Amino acid sequence: MSTSNKNGPVLSELQQLRSIVLGEYTVEIDQRLADLEELMRKAQIDLAQAIDDANNLGANEIQAVRDLVDEKSSDINLNVNQQLKAINERLASLEANSVNRQQLGDMMISLGQQLKSEG
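First things first, this report covers the structure right here in the doc. None of these values were measured; they are calculated from a predicted model. (Residues numbered from 1 in each chain as written. Predicted model: local features only at pLDDT ≥ 70, side-chain atom pairs only at ≥ 80, totals over all residues. Heavy atoms only, no water.)

A separate point is a negative patch on the surface. Taken together, the side chains of D67, D70, E71 and D75 define an acidic patch exposed on the protein surface. By the element assignment, D67 lies in helix α3 (residues 59–97). Classification of D67 as partly exposed rests on a relative accessible area of 41%. (Patch = residues over 30% accessible without salt bridge, like charges linked within 9 Å, V, L, I, M, F, W, Y side chains within 5 Å. Areas by Shrake-Rupley, 256 points an atom, 1.4 Å probe, with all protein chains shown as cover. Salt bridge = Lys/Arg side-chain N within 4 Å of Asp/Glu carboxyl O. Lys, Arg positive; Asp, Glu negative; His and termini not counted. Charge placed at Lys NZ, Arg CZ, Asp CG, Glu CD. Helix = DSSP H or I, 4+ residues; strand = E, 2+ residues; numbered from the N terminus. Buried < 20%, exposed > 50% of the residue type's maximum accessible area, 1.4 Å probe, protein only.)

With that out of the way, let us pick up the pattern of salt bridges. As a working rule, side chains carrying opposite charge can pair if their charged atoms are close by. Using the criterion set out here, one finds 1 salt bridge in the structure. Notably, a salt bridge pairs R41 with E38, separated by 2.4 Å at the nearest N-O pair. Within this pair, R41 and its partner E38 are both found in helix α2 (residues 24–55), separated by 3 residues, close to a single helical turn. For R41, a relative accessible area of 43% puts it in the partly exposed group. On the basis of relative accessible area, E38 is assigned to the partly exposed category, the value being 34%.

Here the focus is α3. Look at α3: 56 Å from first C-alpha to last across 39 residues, which is about the 57 Å you get at 1.5 Å a residue. Restricting attention to buried positions, one finds in α3 the residues V65, V80, A86 and I87. (Expected span 1.5 Å × (residues − 1).)

This is the structure:
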């Protein structure tokens, strides 16, 4: 029973090490950035199509298209700002929880010493 109590902190440290090595935050941030790029690419295509359509319409229809473009642009800006805020929060969290090489080496030495003392 005392062995399982000693293994608890070791397992916790191994899980922490796993998170550091795999970089779960960076994977999620990269995906969000890729999603933003795709969203902006689609928006650019939509806006280009709206401009082409506007060139073929009358004055009243042109104003309606401009209003639609403004509305879509506003929605996209809001969405992009929300995504960037979430990314910035994740980056801040990652920076707060980051471990430098010295800390990682010290943790590995400590883990090795714990395992050696248990064995």
